[in-house]
Amino acid sequence: MDTVVKNMLDEDTEEEKKGLVLFGRDLSKIPCFRESFLTGIATGIGGGLVAFIKTSKPFLSQHIGVGTFSITTLLYWSYCRYQWSKQKFDAQLLQEALKDKIRYEGTVVEKELEQKGVLKSA
């Protein structure tokens, strides 16, 4: 099931969970936050270790690790948020289409829309 659809379904049954709050926002409720930071941390550690093994320079390895972490986190965050926004938009379109289908079910308007090809019969 899509992440957006899960979030829409879980909105009603959500208990108040305490998460990490930063600047007044609960970070656990921000979409893509956890995944992007875990991916960034893993690649930052990996990049720093590889740089240290290759060069044996700890200062340079720290810079490479932090740079790898930053770039990976920003790229993954951007990609994940784009996909999340796209899924949310598609879910909203589907929800509106279902509302229209229910609203016009069994009416003359439904038959006209099916003839035009706007609504598809089940």
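Please read these numbers as outputs of a predicted model, since none were measured by experiment.

Caption draft 1: Just helix H2 (residues 33-55), in detail. Its 23 residues give H2 an end-to-end C-alpha distance of 32 Å, which sits within 8% of 33 Å, the value for a rise of 1.5 Å per residue. Packed against the buried residues of H2 are helix H3 (58-104). Two residues or fewer past H2, Ser-56 is found with a positive phi of approximately 60°.

Caption draft 2: Examining the packing of aromatic side chains more closely. All chains considered together, the criterion is met by two aromatic pairs. With a centroid separation of 4.7 Å and 40° between ring planes, the pair formed by Phe-33 and Phe-37 is classed as tilted. Here the residue Phe-33 and the residue Phe-37 both occupy positions in helix H2, the gap between them amounting to four residues, near one helical turn. Assessed through its relative accessible area of 22%, Phe-33 is described here as partly exposed.

Caption draft 3: Structural view of the packing of H2 against H3. At a minimum axis distance of 7 Å, the contact between H2 and H3 shows a crossing angle of 150°. As the angle between them shows, H2 and H3 are arranged roughly antiparallel. H3 is crossed by H2, and the crossing has right-handed handedness. Among the residues forming the contact of H2 with H3, the class breakdown is eleven nonpolar, 13 polar and one charged.

Caption draft 4: Spatial organisation of unusual backbone geometry. Although it is not a glycine, Cys-32 sits at a positive phi angle of roughly 75°. Here Cys-32 lies in the loop between strand S2 (25-26) and H2. You can call Cys-32 buried: its relative accessible area is 7%. Although it is not a glycine, Ser-56 sits at a positive phi angle of roughly 60°. Mapping Ser-56 onto the fold places it in the loop between H2 and H3.

Caption draft 5: Region of interest: a nonpolar patch on the surface. Taken together, Phe-37, Ile-41, Ile-45 and Leu-49 make up a surface patch of nonpolar side chains, about 360 Å² in accessible area. Relative to the helices and strands, Leu-49 resides in helix H2.

Caption draft 6: Inspection of the UniProt feature "transmembrane region" (unreviewed entry) in the protein chain at higher detail. According to UniProt, the "transmembrane region" (unreviewed entry) feature falls on residues 36-53 and 59-79. Secondary structure across residues 36-53 divides into 100% helix and 0% strand, with the first and last C-alpha atoms of the span separated by 26 Å. Across residues 59-79 one finds 100% helix and 0% strand; the C-alpha atoms that close the span lie 30 Å apart.

About the thresholds
- Residues numbered from 1 in each chain as written.
- Predicted model: local features only at pLDDT ≥ 70, side-chain atom pairs only at ≥ 80, totals over all residues.
- Heavy atoms only, no water.
- Helix = DSSP H or I, 4+ residues; strand = E, 2+ residues; numbered from the N terminus.
- Expected span 1.5 Å × (residues − 1).
- Contact = heavy atoms within 4.5 Å.
- Phe/Tyr/Trp six-rings, centres within 6.5 Å; stacked < 30°, edge-to-face > 60°.
- Buried < 20%, exposed > 50% of the residue type's maximum accessible area, 1.4 Å probe, protein only.
- Axes fitted to C-alpha atoms, helices over the stretch in contact; angles between N-to-C directions.
- Parallel < 35°, antiparallel > 145°, perpendicular 65-115°, else oblique.
- Left-handed = near helix turned anticlockwise from the far one by under 90°.
- Nonpolar A, V, L, I, M, F, W, Y, C, P; charged D, E, K, R; others polar.
- Patch = residues over 30% accessible without salt bridge, like charges linked within 9 Å, V, L, I, M, F, W, Y side chains within 5 Å.
- Areas by Shrake-Rupley, 256 points an atom, 1.4 Å probe, with all protein chains shown as cover.
- Salt bridge = Lys/Arg side-chain N within 4 Å of Asp/Glu carboxyl O.
- UniProt positions renumbered as here; feature names shortened; annotations may be inferred.

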